[in-house]
Amino acid sequence: MSGRPIQVTGEILDVNRSGSYYVISVTAPGISEIAEPGQFVTVGMGGDETSMVLRRAFAIHRVQSRGVYGGTLDLVISPGGKGTTWLSKRRRHDTVSLVGPLGKPFTLPTQSVSCVLIGGGYGSAPLFLLAEKLRERGCRVDSIIGASTEEKLFGALDLKRVSTSLVLTTDDGSLGVKGRVTDVLEGVVTAGKTDIIYACGPMSMLANVAEFAVTHRIFSQCSVEESMACGIGVCMTCVLPIIGDDSVTRMVRSCVEGPIFRGDRVRWADIGTVPPDTYGAPVEEVST
Amino acid sequence: MNTPIVSARRAGDGSNGARVDMFTDLAKMHLPSPVLTASGCAAAGRELDNYFDITTIGAVVTKSIMLAPRSGRATPRMAETPSGMLNSIGLQGPGVDSFIEHDLAWLNHRGARTIVSIAGGTPEEFGKVAAKLRIAGGVEAIEVNISCPNVSDRGQVFACRAETAAQVIQTVRRNSDIKIPIFAKLSPDVTDIVEIAQSVIAAGATGVSVINTLLGMVMNTSTMRPALAGITGGLSGPAIRPIAVRCVWDIRSAMPDIPIIGMGGIRSGHDALEFILAGANAVSVGTSIFNDPSAPARIHAELAQELGDRGFLRVSDAVGYAHRPHTPTVDSEAQSSDAEWDFITE
């Protein structure tokens, strides 16, 4: 059971560049103490008079205790749109509005099993916290991180420290194995006799990882990235078709019922649609 | 309609909010605050209770409930726009039976006042939902969403024509307890919103909720297709606020005594005051909740402060205050001697 989310003002302590990304350290009193691996926070954009009415969601990368500052969070920003670019330009002592911790965390095994962690692009951000927790439980942690190019790999050195093994892949071969994370997955799983696969990254990567896990009868947990408006479960924007315990497909909110889903429960091929057998799907009108 | 009150003071001179009576009589409801949630932006209240005590605001206006469970539309369902957003959710919801069993039961257990928003594809469906709510009880009022733009057939936007709007309201009125206030939620996408308002009042609505979203469209310039799976969507947020204030003003001008819930891009107590001055008895906070989950409670406090700063003792005294006759008073003469007017009198 994770703690109830709260709304706080955080003070930015550091903004550091890491390849194509920025890592922002921000005080988050009350959030960092209860955050669990895989949860996220939302950050208000643009200040009080902003024309950007929607918050942006970021996976919690690290939580730290920084003495006088109390608890802090590290977030990984990939500047692309207006909001993320604004956030990447914040400086020490700037304040931002934070809401969190949000979403359901990764489910952790109760026994010391063998785990593979897969991160695509900045999708590796939440894996550090997860890897630490898994190692505390005596789990084997084999990590794979991949990206299109070296600049877009995130945190290889840090992840290497907490992993039993680490494999890097890039689409262009600029670092590590040339190819996709799924190209090296079989080798890693065979060597590590994997029981659980944890993955976070682009939807296409997650779909391939989940398919691999189902085929090889391995339990998988995937952290999805859907566009959100509220992040707290009230707007119904971030839905995707999920198969429930009762085998019925529903349009499920990734912010409160995710962002972590069992790989075999997500209808990956149907994302962006409402499959006809979904609970409450529009009934085809038969012309008479 | 309103008693003129004490002189307008300069804003921001201390904590005048604490002594303002925020109790609001809306239709037959006696609410502790004029601030409500807006339908579709608060689900059924439970999630927001993490961020503020939902029993302290006027009422929770729920997401529109239909007769049957509904999956809503495909994604993408949302696009951010300047000072606003476009949504095309498609009325996803559990259906009225599940709503009554789970959501309404929780709201009542929690002690929140609940205004249930209802929707339907036909007047009969609206009527069936209302009948089920009548049996369930525990409802302060019904808001009839005749203006959701996110339906497959634009002909279903009942609020676009006076006759269809009236037809739905009549059916809901017939199927509801006579003591339950009914608010018709109106669309601004019409030539004359006053005509629609008059027709729903004539059909038995107690009051009106203005406004619903405006129909809009955004292109995704990467795919070079519409950004939303539903192609068009409803525009909300501060971008639409002046339109909403104008609609409240027009309806209040035509009908001095009907209850009006005003909404459309309210982000602060200052914004809420604009609606109240224009004639709204209560206000709903919607899209701003996505930015600030505790916005309704914050806006309640800010509104009290704004009213206190202007010398109002009761929020009800400010309702429609902008409509008062424009005659010089002792106060405005006193103001004209202020230093800022010296350049004219010199």
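Residues numbered from 1 in each chain as written. Chains lettered and ligands numbered in written order. Predicted model: local features only at pLDDT ≥ 70, side-chain atom pairs only at ≥ 80, totals over all residues.

Draft legend 1. Main features of the overall build of chain B. When helices and strands are tallied, chain B shows 11 helices and 16 strands. Here the contacts in chain B between residues at least 6 apart in sequence split such that 73% fall between residues at least 24 apart. (Helix = DSSP H or I, 4+ residues; strand = E, 2+ residues; numbered from the N terminus. Contact = placed C-beta atoms within 7 Å.)

Draft legend 2. Seen up close, the sheet that holds strand β12 (residues 219–223) of chain A. All names here are of chain A. One open sheet holds the 7 strands; their spatial order is β10-β9-β8-β7-β11-β12-β15, and the pairing between them is mixed. Of all the strands in the sheet, just β10 (177–178) and β15 (260–262) have a single pairing partner and so form its edges. Two strands pair when backbone bridges link them, and β12 and β15 are joined in this way by 3 bridges, in the antiparallel orientation. Directly across from Cys-222, in β15, lies its bridge partner Phe-261. Against the sheet, helix α4 (residues 181–192) makes contact with β7 (114–120), β8 (140–147), β9 (165–170) and β10, and its axis sits at roughly 170° relative to β8, the strand it touches most. The strands touched by helix α5 (residues 203–215) are β7, β11 (196–200) and β12; relative to β12, the strand with the most contacts, the crossing angle is about 170°. (Pairing = 2+ DSSP bridges. Axes fitted to C-alpha atoms, helices over the stretch in contact; angles between N-to-C directions.)

Draft legend 3. Spotlight on the packing of α4(A) against α5(A). All names here are of chain A. Here α4 crosses α5 at 25°, and the two axes come no closer than 10 Å. Relative to α5, the element α4 lies roughly parallel. Judged by the sense of rotation from one axis to the other, the crossing of α4 with α5 is right-handed. Side by side, α4 and α5 meet where Val-181, Thr-182 and Leu-185 of the first sit next to Met-205, Asn-208, Val-209 and Phe-212 of the second. The residue inventory of the contact of α4 with α5, partitioned by class, reads 5 nonpolar, 2 polar and no charged. (Parallel < 35°, antiparallel > 145°, perpendicular 65-115°, else oblique. Left-handed = near helix turned anticlockwise from the far one by under 90°. Nonpolar A, V, L, I, M, F, W, Y, C, P; charged D, E, K, R; others polar.)

Draft legend 4. Representation of the interface of chain B and chain A within the structure. Between chain B and chain A, the contact holds 35 residues from the first and 29 residues from the second. Put simply, the parts of the chain that give the side of chain B that touches chain A at least two residues each are β5 (78–81), β6 (84–87) and α7 (287–291) of chain B. Counting residues per element, the side of chain B that touches chain A draws most heavily on α7(B), which supplies 4 residues. By residue class, the composition of the side of chain B that touches chain A is 18 nonpolar, 12 polar and 5 charged.

Draft legend 5. Inspection of the packing of helix α4 (residues 193–202) of chain B against helix α5 (residues 241–254) of chain B at higher detail. Residue and element names in this part refer to chain B. Put simply, α4 and α5 touch, their axes get as near as 9 Å, and they point 55° apart. The angle between α4 and α5 falls in the class oblique. The crossing of α4 and α5 is right-handed. Note on element contacts: α5 touches α4 through Cys-247, Asp-250, Ile-251 and Ala-254, opposite Ile-193, Val-194, Ala-197 and Gln-198. Here the contact of α4 with α5 is built from residues that sort into 6 nonpolar, 1 polar and 1 charged.

Draft legend 6. Local environment of α4(B). Residue and element names in this part refer to chain B. Along α4, the positions that sit buried rather than exposed are Ile-193, Ile-196, Ala-197, Ser-199, Val-200 and Ile-201. Where α4 is buried, its residues touch α3 (162–174), β9 (182–186), β10 (207–210) and α5. Taken from the residues just after α4, Gly-204 is the one with a positive phi, measuring 120°. (Buried ≥ 20, exposed ≤ 12 C-beta atoms within 10 Å, placed from the backbone.)

Draft legend 7. Highlighting the domain arrangement of chain A. Residue and element names in this part refer to chain A. Along its sequence, chain A is organised into domain 1 (6–102), domain 2 (106–223) and domain 3 (228–288). In this structure, domain 2 and domain 3 have C-alpha centres spaced 26 Å apart. In this complex, domain 2 contributes 11 residues to the contact, which on the side of domain 3 involves 9 residues. Only α5 and β12 provide two or more residues apiece to the side of domain 2 that touches domain 3. If you tally residues by element for the side of domain 2 that touches domain 3, the top one is α5, at 6 residues. For the side of domain 2 that touches domain 3, a count of residues per class yields 8 nonpolar, 3 polar and no charged. (Domains from an automatic or database assignment.)

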